[in-house]
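Summary of structural features
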Amino acid sequence: MRGITAFSAVAALWLASASTGMAAPSLTVLCGVDEMWCAAMKTAYEAKTGLEISVTRKSTGDILNQIRAEKAAPTVDVWWGGTGDTHLQAGSENLLEPYQPAHERDMLPWAQNFFAMSGGRSAGIYAGALGFAYNADLLRELKLPAPTCWKDLTDVAYRGRIQSGNPNSSGTAFTTLATLVQLFGEDEAFRYLAALNRNIERYTPSGAAPVKAAARGETLIGISFMHDAVTQKQVGFPLVIVAPCEGTGYEIGAVSIVKGARNIEEAKRFVDFALSPEGQGTGAASGQNQVPSNAKSSLPLAAPDISMIKMVDYDFATFGSPGERSRLLRRFDAEIAVTN
């Protein structure tokens, strides 16, 4: 609790500095992880290098859209964090710069496979399983059954009591969409999403927001990555975390250098740091619970054991292609009445 409180103060200072601007930063980073980790990474890198860098937190889909929009004149050097399939989409659009990082040989097999799949443009920095969490106190108060499966979430008992991310902006929510397609088949997945939609109170821009809302009792159930729910539970919120009975998908969070980066050499040093045990240790230090990609990194004690969770064989190549992403999002927008 004390460590997380300290990092809350750091995060507040970081957000304040981001709002006022920074003069000529040595590096510009868009950050797709939790604000606490963004702040911790900025502090650690500046302390190590003596440089001043700019770090801005955005949802993964918004980062991709910004990098696309700035293709002719990039203002960003590094994209750090966020779901790997979205990094793969950017790589296939020639928006990322290939780089062979210093710690690539220390990466776990799933990270090495991801790096090869990206053509050397994106390196995996963490992994995490998708799931949902419910507020146990609120569930008891409402005298509702505890959900254990994806299809339980369509029960009328949960009408207006679920939050999920919007896949147009949230990498977490796009992973949810892609996971359901792989679990159930596309047409059945969209029938499921239409049924689930009747119970959705709100689609959030950020993927971690639903479990944070459930933790505070603002909604009953939040669909997010399980490690985001663990972080909320660690600080005392009454969450029960569920790995859905049908199986689930997972993310490989990534780091990439933007093609045309103005500070290319510093961008390479940042990537090396992000893949080092020291850099990856900033996650656990700021209360995060993803599984780090470097075999020499320490595993956060509360990180979900993804080897014990029933997983789909997530097809990063297919769902990391721009065409497939665009097609699925168009269908989602056409068939699901999103509430914000």
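Worth saying up front: this structure is predicted, and the values here are computed from it rather than measured.

1. Structural notes on the domain arrangement of the chain
What the domain assignment lists for the chain is domain 1 (21-128 + 252-303) and domain 2 (130-250 + 325-335). Just the C-alpha atoms count here: the centres of domain 1 and domain 2 sit 26 Å apart. Listed by partner, the interface residues are 20 residues for domain 1 and 18 residues for domain 2. Of all residues in domain 1, Thr83, Gly128 and Asn289 bury the most surface against domain 2, accounting for 29% of the area lost on that side.

2. Details of the nonpolar core
Membership of the largest hydrophobic core comes to 40 residues, with the highest contact counts inside it found for Trp150, Leu153, Leu177 and Leu193. No other element matches the six residues that helix H7 (residues 171-184) contributes to this core. Two domains each provide a minimum of three residues to this core, namely domain 1 (21-128 + 252-303) and domain 2 (130-250 + 325-335). Ignoring any residue separated from it by four or fewer positions in sequence, one finds Leu153 in contact with Phe132, Pro147, Tyr158, Ile162, Tyr192, Leu196, Asn199, Ile221 and Ile223.

3. Let's talk about the state of the cysteines
For the structure on display, the rule yields two disulfides. Disulfide pairing places Cys31 opposite Cys38 at an S-S distance of 2.0 Å. The sign of the -90° torsion about the S-S bond sets the Cys31-Cys38 disulfide as left-handed. Assigned by exposure class, Cys31 and Cys38 land together as buried.

4. Quick notes on the packing of helix H11 (residues 264-275) against helix H12 (residues 277-285)
For the pair H11 and H12, the least separation of the axes is 4 Å and the interaxial angle reads 65°. Across from Phe273, Ala274 and Leu275 in H11, the residues of H12 making contact are Pro277, Glu278, Gly279 and Gln280. Its residues assigned to classes, the contact of H11 with H12 shows four nonpolar, two polar and one charged.

5. So, the pairing of strand S5 (residues 122-135)
In terms of burial, S5 is largely enclosed, as 14 of its 14 residues are buried. Sheet topology note: the S5/strand S11 (residues 291-292) ladder contains two bridges and is antiparallel. When the bridges of S11 are listed, Tyr126 appears paired with Pro292. Where S5 lies against strand S8 (residues 221-225), five bridges are found, and the strand directions are antiparallel. When the bridges of S8 are listed, Leu130 appears paired with Phe225.

6. Some thoughts on the pairing of strand S6 (residues 162-165)
Residues Ile162 and Ser164 point to one face of S6 and Gln163 and Gly165 to the other, with burial holding for every one of them. Alignment of S6 against strand S7 (residues 200-204), held across four bridges, turns out to be parallel. Within S7, the position partnered with Ile162 by the bridge is Ile200. Alignment of S6 against S8, held across two bridges, turns out to be parallel.

7. Examining the packing of helix H2 (residues 35-49) against H11
Two elements in contact, H2 and H11, have axes separated by 12 Å at closest approach and are oriented at 115°. Of the two possible hands of crossing, H2 and H11 adopt the one that is right-handed. Along the contact surface, H2 presents Met41, Ala44, Tyr45, Lys48 and Thr49, while H11 presents Glu266, Arg269, Phe270, Phe273 and Ala274. Residues belonging to the contact of H2 with H11 are distributed by class as follows: six nonpolar, one polar and three charged.

8. Quick word on the side chain of Ser59
When you line up the elements, Ser59 lands in the loop between strand S2 (54-57) and helix H3 (60-69). A relative accessible area of 8% places Ser59 in the buried class. Other than its neighbours up to four places away in sequence, Ser59 contacts Ser169, Pro205 and Ser206.

9. Remarks on H7
Over its 14 residues, H7 extends 20 Å from the first C-alpha to the last, a length consistent with the 20 Å expected when each residue adds 1.5 Å. Most of H7 sits out of view: twelve of its 14 residues are buried. Turning to H7, its buried residues number three or more, namely Gly171, Thr172, Ala173, Phe174, Thr175, Thr176, Leu177, Ala178, Thr179, Leu180, Val181 and Phe184. N-cap assignment for H7: the residue whose side-chain oxygen lies 3.2 Å from the backbone N of Thr172 is Ser170.

Calculation rules
- Residues numbered from 1 in each chain as written.
- Predicted model: local features only at pLDDT ≥ 70, side-chain atom pairs only at ≥ 80, totals over all residues.
- Heavy atoms only, no water.
- Domains from an automatic or database assignment.
- Contact = heavy atoms within 4.5 Å.
- Buried area = accessible area lost by both parts, 1.4 Å probe.
- Core = buried A, V, L, I, M, F, W, Y, C linked by side-chain atoms within 4.5 Å.
- Buried < 20%, exposed > 50% of the residue type's maximum accessible area, 1.4 Å probe, protein only.
- Helix = DSSP H or I, 4+ residues; strand = E, 2+ residues; numbered from the N terminus.
- Disulfide = S-S within 2.5 Å.
- Axes fitted to C-alpha atoms, helices over the stretch in contact; angles between N-to-C directions.
- Nonpolar A, V, L, I, M, F, W, Y, C, P; charged D, E, K, R; others polar.
- Pairing = 2+ DSSP bridges.
- Left-handed = near helix turned anticlockwise from the far one by under 90°.
- Expected span 1.5 Å × (residues − 1).
- Polar contact = N/O pair within 3.5 Å; in protein donor to acceptor, adjacent residues only side chain to side chain.

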